Amino acid sequence: MVPETVTPFQLLRTRLLLFAIGFGRRMTLGARAAMIDGRRIFLIRHTYVPGWHMPGGGVEPGETFAQSVEREVVEETGHRLTAPAELFGIYLNAEISRRDHVALFVCRNFEKEREFRPNHEIAEAGWFDIDALPEGVGRGTRRRLAEIFEGVQRSDIW
């Protein structure tokens, strides 16, 4: 019979084991938002990496993927989600690292909280018609947009 509660010793032992395993298998986790308004998508251009991408970033300790995407949307776009984002897929971002994973959420319900202003992290941001994307949209972003808008079979690789 399995006990329903975890003892302090079991909790400590589990945390130490996960820390030891994680020390050699560190992975990065990120969340991105496909903010969709009809046939328009919100994209950002970073100051530190080329191309246009969907808003998002790293999942902070103690944060869920959904909480991360909500936070990143506000920080990077000036919009606030008004309904839960829908998990679309989880991907290995192999172009970055064999240890980088990204959860993509589709966001269709949001409102503008503030105007976007370029900053040290985001150089430009805006809405683009899916048929008139800006030059330099990243390959992974293009693949995700094809999956969402055209029904292309999903891949596990970003």
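Look up a bit, the structure's there.
Now for a description of the structure that goes with this document. (Residues numbered from 1 in each chain as written. Predicted model: local features only at pLDDT ≥ 70, side-chain atom pairs only at ≥ 80, totals over all residues. Heavy atoms only, no water.)

Residue placement: Gly58 occurs in strand E4 (residues 56-58). According to the relative accessible area criterion, Gly58 is partly exposed, its value standing at 36%. Separated by ten residues in sequence, Gly58 and Ser68 have C-alpha atoms that sit 7.3 Å apart. Sequence-distant contacts of Gly58, defined by excluding residues within four places in its chain, comprise Leu29, Gly30, Glu63, Ser68, Arg71 and Glu72. (Helix = DSSP H or I, 4+ residues; strand = E, 2+ residues; numbered from the N terminus. Buried < 20%, exposed > 50% of the residue type's maximum accessible area, 1.4 Å probe, protein only. Contact = heavy atoms within 4.5 Å.)

Before going further, it helps to spend a moment on the packing of aromatic side chains. Given two aromatic rings, one states the distance between the centres and the angle between the planes to describe the pair. With the rule as written, the count across this model stands at four aromatic pairs. Their ring planes at 85° and their centres at 5.4 Å tell us that Tyr91 and Trp158 sit as a pair that is edge-to-face. Remark: Trp158 occurs in the segment after helix H3 (139-150) and Tyr91 occurs in strand E6 (residues 86-92); sequence separation between them is 67 residues. Residue classification places Trp158 among the buried positions, given a relative accessible area of 10%. Aromatic pair Phe110 and Trp127: ring centres 5.6 Å apart, planes at 25°, arrangement stacked. Here the residue Phe110 occupies a position in strand E8 (residues 110-112), and Trp127 occupies one in strand E9 (residues 122-129), the gap between them amounting to 17 residues. Connected via pairs of aromatic rings, a cluster forms that spans Phe42, Phe110 and Trp127. The ring centre of Trp158 lies 5.2 Å from the NZ or CZ of Arg144, which sits over that ring. Between Arg154 and the ring centre of Phe88, over which it is positioned, the NZ or CZ distance is 3.6 Å. (Phe/Tyr/Trp six-rings, centres within 6.5 Å; stacked < 30°, edge-to-face > 60°. Lys NZ or Arg CZ within 6 Å of the ring centre and 35° of its normal.)

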